Amino acid sequence: MYEYIIGKVTFISPYYIVVETNGIGYQVSVGNPYRYSGKTDQQIKIYIHQVIREDAHLLYGFGDLDEKQLFLKLISVSGIGPKSGLAIMASDDHGGLINAIESEDAAYLTKFPGVGKKTAQQMILDLKGKLGELETSEAAVEAMAKTPTAQSVNQSLTEALEALSALGYSEKEIKRITPKLEELGSQPTDEYLRNALKFMMKR
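Per an unreviewed UniProt entry, the protein goes by Holliday junction branch migration complex subunit RuvA and derives from Candidatus Enterococcus palustris. You can read under Subcellular location (unreviewed entry) in the UniProt record for the protein the words "Cytoplasm". Under the UniProt heading Sequence similarities (unreviewed entry), the entry covering the protein gives this text: "Belongs to the RuvA family."

Written out as structure tokens, the structure is:
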């Protein structure tokens, strides 16, 4: 079982990043791949959770150990698989997630893709009182922040919308917030995606 990988980010897609170390490129699924855009060809340390299935060996990546531990707590809940857990983790507002569980705010939790009322209630039942040791790591988020690139607005926005689709948001949900993103003007893909996730949580 892997704990973490130290290597260079060599490829970014809406679904995953590739981290190369010792001549091997590892495909790592992350909540917000464009969070790593400013780290292309730079060495990073990414914490890993491995899922072994009959048809695939999958790697899920996190910026720090607290993020990984929160993910493991989430996928311990019946009805939440690794893909759903990653979609929930895509928002950097992990404090808001923990607060919603502690305050039994099921309505907030159902705003995440793939989380219905039953699953939200199960999250509260299973996790309330068990997340206090996990703190949001703003430093880790800032460490991954990238500087604006020369990408066109359309390209950056398109990539962000593709990333939302990869996280499980429906076409209808994505279309609803697209005008709000267009009003923001030129932004890097990462910022478009961060704002898109905030808009999704306000619906």
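Turning our attention to the nonpolar core. Counting residues in each nonpolar core, the largest one holds 30 residues, and the members touching the most others are Ile17, Val28, Ile46 and Leu164. Breaking this core down by element, the ones donating at least two residues are strand E1 (4-12), strand E2 (16-21), strand E4 (43-52), helix H7 (153-167), helix H8 (171-182) and helix H9 (189-201). If we skip the residues at most four places from it in the chain, Val28 touches Tyr16, Ile17, Val19, Ile46, Ile48, Leu59, Tyr60 and Gly61. Within the second largest apolar cluster, 26 residues are counted, among which are Ala100, Leu109, Met123 and Ile124.

Another aspect to go through is the side chain of Gln50. Its location among the elements puts Gln50 in strand E4. A relative accessible area of 14% places Gln50 in the buried class. Not counting the four nearest positions on each side in its chain, Gln50 is found in contact with Met1, Tyr2, His57, Leu58 and Leu59.

Here the focus is the confidence of the model for the protein. Looking at the protein as a whole, the pLDDT averages 86, with 89% of positions reaching at least 70. Segment residues 135-152: pLDDT under 50, and 23 contacts once partners within four positions in sequence are set aside and those in other chains are kept.

What counts as what
Residues numbered from 1 in each chain as written. Predicted model: local features only at pLDDT ≥ 70, side-chain atom pairs only at ≥ 80, totals over all residues. Heavy atoms only, no water. UniProt positions renumbered as here; feature names shortened; annotations may be inferred. Core = buried A, V, L, I, M, F, W, Y, C linked by side-chain atoms within 4.5 Å. Buried < 20%, exposed > 50% of the residue type's maximum accessible area, 1.4 Å probe, protein only. Helix = DSSP H or I, 4+ residues; strand = E, 2+ residues; numbered from the N terminus. Contact = heavy atoms within 4.5 Å. pLDDT = per-residue confidence, 0-100.

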